[in-house]
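Residues per chain are reported as follows:
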Amino acid sequence: IKGGEKIVVYSDYDCDGIPGAVVMNDLFKNIKYTNFEIYIPDRHKEGYGLNMDAEKQIGEGDAKLLITLDLGITAVEETAMAKSLGMDVIITDHHQPQENLPDALFILNPKQENDAYPYDMLCGSGVAFKFVQAFLKKHGKEFEVPEGFEKWMLDMVGIATLADMVPLVGENRVFAYYGMKVLKKTKRLGLLKLFRKTNLKPENLQDEDVTFTICPRLNAAGRMDHPRYAFDLLAADNDADAGKFADYLTK
């Protein structure tokens, strides 16, 4: 960031990865850093995980740091290729590591052997949130981010935690509980439009509304078109886009 280098967040296309991408998007927007991109692969054309053709495209776009979200723990060859293209790689993931780990700059995954983090059942967005929380704990004052600001991102972490069917115990229970509290007060224009479209009253939201009404519409984007539409809904910063994407995902 101090060097102004381009950062690309490469996120999974499901209802765990996409909210996590919004969490990372929130971080960069709130530290007023603009030289970043959120890349979400096409489920049908590029498949799950790091895609080598996509990596070439990202490398050609002069990216210097690639951050994976909800994927990458098994991407040994793909990480090596990213490095050969001049990118540092930070992997954030929650899936089970294999015997060979990617040669990344850093790996955030509480399921790694000998990892000291006290809870290992976080979803991908949960790991991304801990990344953001740690970054703001260390650098928040430097970037003039109000203390505790990250709590407003818990609506995304709550959605992802419920959607990904991780056990609702330990820290996940905290994320789901406070995620629902933030969701009832969310300022995200896309979510507010989606609530209206589906006759949900934010103050009366239940976890079933998230899993059976919100998540299927977010997942529909990647299954029937491109997952980017779900991200664009959640990250919308004006009423016109929020309404357009809420209508499209519902349709």
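Since we're looking at a predicted model, the values are computed, not measured.

Trainee: Requested: an account of the overall build of the chain, with residues and values cited.
Mentor: Each helix and strand counted, the chain has 10 helices and five strands in total. Over its C-alpha atoms the chain spans a radius of gyration of 17 Å, differing by no more than 12% from the 18 Å that the globule rule assigns to 251 residues. Along the first, second and third principal axes, the C-alpha atoms of the chain reach 50 × 35 × 35 Å. The 251 residues of the chain split such that 53% are buried. Of the accessible surface of the chain, which amounts to about 12400 Å², a share of 50% is contributed by carbon and sulfur atoms. Charge centroids of the chain, computed over 30 positive and 39 negative side chains, lie 8 Å from each other.

Trainee: Which residues make up the packing of helix α4 (residues 124-139) against helix α5 (residues 154-163), and what values do they have?
Mentor: Relative orientation and spacing of two packed helices are given, respectively, by the angle between their axes and the distance between those axes. Two numbers describe how α4 lies on α5: the axes approach to 8 Å, and their chain directions differ by 155 degrees. Accordingly, the angle class assigned to the pair α4 and α5 is roughly antiparallel. Here α4 contributes Ser 125, Gly 126 and Phe 129 to the contact with α5, which in turn contributes Leu 154, Val 157 and Ala 160. Per-class residue counts for the contact of α4 with α5 are four nonpolar, two polar and no charged.

Trainee: Tell me what's going on with the pairing of strand β3 (residues 63-69), and back it up with residues and numbers.
Mentor: In terms of residue burial, β3 counts as a mostly covered element, since six of its seven residues are buried. Bridge count for strand β1 (residues 6-11) against β3 is six bridges, and the pairing is parallel. When the sheet's bridge partners are listed, Tyr 10 is paired in β3 with Thr 68. One crossover worth recording links β3 to the parallel strand β4 (residues 88-92) by way of helix α3 (residues 76-84), and it is right-handed.

Trainee: Could you give me a rundown of a positive patch on the surface, with the residues and numbers involved?
Mentor: A cluster of basic residues, Lys 151, Lys 181, Lys 184, Lys 185 and Lys 187, forms a positive patch on the protein surface. When you line up the elements, Lys 184 lands in the loop between α6 (170-183) and α7 (189-197).

Trainee: I'd like a description of unusual backbone geometry, backed by residues and values.
Mentor: Where the residue is not glycine, phi is negative for most of them; where a peptide bond is considered, it is trans in most cases. Unusually for a residue other than glycine, Asp 62 sits at a positive phi of about 70 degrees. Inspection of the secondary structure assignment puts Asp 62 in the loop between α2 (52-60) and β3. Residue class for Asp 62 comes out partly exposed when judged on its relative accessible area of 48%. Although it is not a glycine, Asn 199 adopts a positive phi angle of roughly 60 degrees. Its place among the elements puts Asn 199 in the loop between α7 and α8 (207-224).

Trainee: Explain the sheet that holds strand β2 (residues 36-39) residue by residue, including any values.
Mentor: The strands making up a sheet associate through backbone hydrogen bonding, with each pair oriented either parallel or antiparallel. If you trace the five strands from one edge of the open sheet to the other, you get β2-β1-β3-β4-β5, paired in parallel fashion. Where the open sheet ends on each side, the last strands, each with one partner, are β2 and β5 (106-108). Between one strand and the next, the sheet's axes are offset by a mean angle of 15 degrees, whatever the strand orientation. Relative to β5, β4 runs parallel, the two being bridged by three bridges. Pairing of Thr 92 across the sheet is with Leu 108, part of β5.

Conventions we followed
Chains are numbered independently. Their residues run from 1 in the order of the written sequence. The predicted nature of this model means local features are confined to residues of pLDDT at least 70 and side-chain atom pairs, given and counted, to a pLDDT of 80 or more, with totals for whole chains, interfaces and linings taken over all residues. The side-chain figures draw on all heavy atoms in the structure; neither hydrogens nor water molecules are used. Numbered from the N terminus, helices here are DSSP runs of H or I no shorter than four residues, and strands are runs of E no shorter than two. With the radius of gyration taken over C-alpha atoms, the globule rule is written as 2.2 Å times the number of residues to the power 0.38. Note on exposure labels: buried denotes an accessible area under 20% of the residue type's maximum, exposed denotes more than 50%, and partly exposed covers the range between, all computed with a 1.4 Å probe on protein chains only. Here the open area of atoms and residues is found with the Shrake-Rupley method and a 1.4 Å probe, where only the protein chains shown may cover a residue. The sign given to each residue is positive for Lys and Arg and negative for Asp and Glu; His and the chain ends receive no count. Note that the charge is assigned to NZ on lysines, CZ on arginines, CG on aspartates and CD on glutamates. What counts as an axis is a line fitted to C-alpha atoms, over the stretch in contact for a helix, and the angles between N-to-C directions run from 0 to 180 degrees. Any angle between 65 and 115 degrees counts as roughly perpendicular, while under 35 counts as roughly parallel, over 145 as roughly antiparallel, and the rest as oblique. Only heavy atoms matter for contacts: two residues are in contact if any of them lie within 4.5 Å across the pair. When residues are sorted by character, Ala, Val, Leu, Ile, Met, Phe, Trp, Tyr, Cys and Pro go into the nonpolar class, Asp, Glu, Lys and Arg into the charged class, and all the rest, Gly among them, into the polar class. At least two DSSP bridges between two strands are needed for those strands to be called paired. Here the term right-handed applies to a crossover when the path leading from its first strand over the helix to its second strand runs clockwise, the strands being oriented away from the viewer. Residues form patches when they are more than 30% accessible in relative terms and have no salt bridge. Like charges link within 9 Å. Nonpolar side chains (Val, Leu, Ile, Met, Phe, Trp, Tyr) link within 5 Å. Whenever Lys or Arg places a side-chain nitrogen within 4 Å of a carboxyl oxygen from Asp or Glu, that contact is recorded as a salt bridge.

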